[in-house]
Amino acid sequence: MRDDGGVRVARVYDAPGPETGVRVLVDRLWPRGLRKDDPRIDQWRQAVAPSADLRRWYGHRPELFAEFAGRYEQELAQGHGREALDDLYGLVRGGPVILLTATKDVEHSHAVVLAQLLSESG
């Protein structure tokens, strides 16, 4: 689990640890093998995930992560992305938040970019 100033990031498939907080899935697609009523997930905020075009372009290639992060931040700065990000800011102000992703390489995921943005706001 990665911790960025009170906003933590974890894989949705990992067993929850002793950390408390609202567990928010931030992937556009529901994780394979999990029921929609899985108790490990409190909320699903798919609107804050990167667009399908950006995800396809990035393809989880670590060498593109810096550029991906910049493009993703641009998506979050406008329209529905901005609204979704503002909703997450509200959650963070209310207490600890754990951003969940199904991505295997959490360190190079959009959830890390989100955690950083949300931590900078506080």
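Residues numbered from 1 in each chain as written. Predicted model: local features only at pLDDT ≥ 70, side-chain atom pairs only at ≥ 80, totals over all residues. Heavy atoms only, no water.

**Remarks on the overall build of the protein**
Okay, so step 1: Counting its secondary structure elements, the protein contains 4 helices and 5 strands.
Okay, so step 2: For the protein, the succession of helices and strands along the chain, N to C, is β-β-β-β-α-α-α-β-α.
Okay, so step 3: At 13 Å, the protein has a C-alpha radius of gyration in line with the 14 Å of a compact globule built from 122 residues.
Okay, so step 4: For the protein, the spread of C-alpha atoms along the three principal axes comes to 35 × 30 × 25 Å.
Okay, so step 5: Looking at the protein alone, contacts between residues at least 24 apart form 60% of all its contacts between residues at least 6 apart.
Okay, so step 6: Carbon and sulfur atoms form 50% of the exposed surface of the protein, whose accessible area is close to 6700 Å².
Okay, so step 7: Side chains of the protein carry 17 positive and 19 negative charges; the gap between the two charge centres is 5 Å. (Helix = DSSP H or I, 4+ residues; strand = E, 2+ residues; numbered from the N terminus. Rg over C-alpha atoms; globule rule 2.2 N^0.38 Å. Contact = heavy atoms within 4.5 Å. Areas by Shrake-Rupley, 256 points an atom, 1.4 Å probe, with all protein chains shown as cover. Lys, Arg positive; Asp, Glu negative; His and termini not counted. Charge placed at Lys NZ, Arg CZ, Asp CG, Glu CD.)

**With respect to the packing of aromatic side chains**
Okay, so step 1: For the coordinates displayed, the defined rule picks out 5 aromatic pairs.
Okay, so step 2: Each ring, one from Tyr 58 and one from Phe 65, has its centre 6.3 Å from the other, and the planes form 50 degrees; the classification is tilted. Here the two residues Tyr 58 and Phe 65 agree in accessibility, since each one is buried.
Okay, so step 3: Taken together through their ring pairs, the aromatic side chains of Tyr 58, Phe 65, Phe 68 and Tyr 72 make up a single cluster. (Phe/Tyr/Trp six-rings, centres within 6.5 Å; stacked < 30°, edge-to-face > 60°. Buried < 20%, exposed > 50% of the residue type's maximum accessible area, 1.4 Å probe, protein only.)

**Some words on the pairing of strand 5 (residues 97–101)**
Okay, so step 1: Extensive coverage of strand 5 is indicated by the burial of 5 of its 5 residues.
Okay, so step 2: Taking every second residue as pointing to the same face, both faces of strand 5 are buried, with Val 97, Leu 99 and Thr 101 on one and Ile 98 and Leu 100 on the other.
Okay, so step 3: Where strand 2 (residues 7–11) meets strand 5, 5 bridges bridge the pair, whose relative direction is parallel. Looking at the pairing, Val 7 lines up with Val 97 of strand 5.
Okay, so step 4: One ladder, built from 4 bridges, connects strand 3 (residues 22–25) with strand 5; its direction is parallel. (Pairing = 2+ DSSP bridges.)

**Considering the side chain of Asp 27**
Okay, so step 1: On the secondary structure map, Asp 27 appears in the loop between strand 3 and strand 4 (43–44).
Okay, so step 2: The charged side chain of Asp 27 is buried without a salt bridge, its nearest counter-charge being Arg 55 at 8.0 Å.
Okay, so step 3: At 2.7 Å, the side chain of Asp 27 forms a polar contact with the backbone nitrogen of Ala 102.
Okay, so step 4: For Asp 27, the contacting residues outside a window of four places in its chain are Trp 44, Gln 46, Ala 49, Leu 100, Thr 101, Ala 102, Thr 103 and His 110. (Salt bridge = Lys/Arg side-chain N within 4 Å of Asp/Glu carboxyl O. Polar contact = N/O pair within 3.5 Å; in protein donor to acceptor, adjacent residues only side chain to side chain.)

**Some remarks on the environment of Val 7**
Okay, so step 1: Residue placement: Val 7 occurs in strand 2.
Okay, so step 2: Note: C-alpha distance between Val 7 and Glu 73 (66 residues apart in sequence) is 17 Å.

Keep in mind these numbers describe shape, not what the thing actually does.
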